[in-house]
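So the chains spell out like this:
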Amino acid sequence: MTGAIVFSWGAGVPGREAKGLEVFGNALGYFDGLAKEGRVHGHREYFNLTGKSGGFMIVDGEVEDLLKIQSEDASIKLLAQAEAIVQDFEVTIAVGGTEQTVQQEMTRFTGALGELGYM
């Protein structure tokens, strides 16, 4: 089953901008390495042009692998560093990204509703 980890962040913590760039660079290197190892499919980064400052990173892969990666020491360290240098840091794990996975999740969702008598 395919999915993604979505990291989102707001403005940098004042006075920690240089550290923010360092941590962001470390995260890019970390996920580049995971992609080269075949543990993730890839990653993309986006910066907000409107609304709040900040942005987000999407790391695509197999959900089982993404969950394992999130519990590894290197990931936990990066998460702690990110939380220290930006505001409104959030991590979300989602399923989808392919037609097959979306269909599986819709089947699972409608089945759960059916068990409750809503479908």
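First, a word on scope: everything that follows refers to the structure included in this document. (Residues numbered from 1 in each chain as written. Predicted model: local features only at pLDDT ≥ 70, side-chain atom pairs only at ≥ 80, totals over all residues. Heavy atoms only, no water.)

## Some thoughts on the packing of aromatic side chains
Both the distance between ring centres and the angle between the ring planes are used here to describe each pair of aromatic rings.
Piece 1. Applying the stated criterion across every chain, the model contains 7 aromatic pairs.
Piece 2. Arranged with centres 5.7 Å apart and planes meeting at 50°, the rings of Phe7 and Phe31 form a pair that is tilted. Residue Phe7 is found in strand E1 (residues 2–9), and its partner Phe31 is found in helix H1 (residues 17–36); the two are separated by 24 residues along the sequence.
Piece 3. These aromatic residues form a ring-pair network of at least three members: Phe7, Tyr30, Phe31 and Phe89. (Phe/Tyr/Trp six-rings, centres within 6.5 Å; stacked < 30°, edge-to-face > 60°. Helix = DSSP H or I, 4+ residues; strand = E, 2+ residues; numbered from the N terminus.)

## Side note on the packing of H1 against helix H3 (residues 73–85)
Piece 1. Packing of H1 against H3 brings their axes to within 10 Å, and their N-to-C directions diverge by 155°. Our classification of the angle between H1 and H3 gives roughly antiparallel. Crossing geometry of H1 relative to H3 is assigned as left-handed. Between H1 and H3, the residues in contact are Lys19, Gly20, Val23, Asn26, Ala27 and Tyr30 and Ala74, Ser75, Leu78, Gln81, Ala82 and Ile85, respectively.
Piece 2. Across the contact of H1 with H3, the residue classes tally to 7 nonpolar, 4 polar and 1 charged. (Axes fitted to C-alpha atoms, helices over the stretch in contact; angles between N-to-C directions. Parallel < 35°, antiparallel > 145°, perpendicular 65-115°, else oblique. Left-handed = near helix turned anticlockwise from the far one by under 90°. Contact = heavy atoms within 4.5 Å. Nonpolar A, V, L, I, M, F, W, Y, C, P; charged D, E, K, R; others polar.)

## A short note on a nonpolar patch on the surface
Piece 1. Taken together, the side chains of Leu67, Val91 and Ile93 define a hydrophobic patch exposed on the protein surface, amounting to about 220 Å² of accessible area.
Piece 2. Residue placement: Leu67 occurs in helix H2 (residues 63–70). (Patch = residues over 30% accessible without salt bridge, like charges linked within 9 Å, V, L, I, M, F, W, Y side chains within 5 Å. Areas by Shrake-Rupley, 256 points an atom, 1.4 Å probe, with all protein chains shown as cover. Salt bridge = Lys/Arg side-chain N within 4 Å of Asp/Glu carboxyl O.)

## Some points on the pattern of salt bridges
Once the charged atoms of two side chains with opposite charge are near each other, the side chains can pair.
Piece 1. Evaluation of the coordinates by the stated rule reveals 5 salt bridges.
Piece 2. Arg108 is paired through a salt bridge with Glu105; the nearest N and O atoms lie 2.9 Å apart. Taken together, the positions of Arg108 and Glu105, both in helix H4 (residues 99–115) and 3 residues apart, correspond to about one turn of that helix.
Piece 3. Residue classification places Arg108 among the partly exposed residues on the basis of a relative accessible area of 49%. (Buried < 20%, exposed > 50% of the residue type's maximum accessible area, 1.4 Å probe, protein only.)

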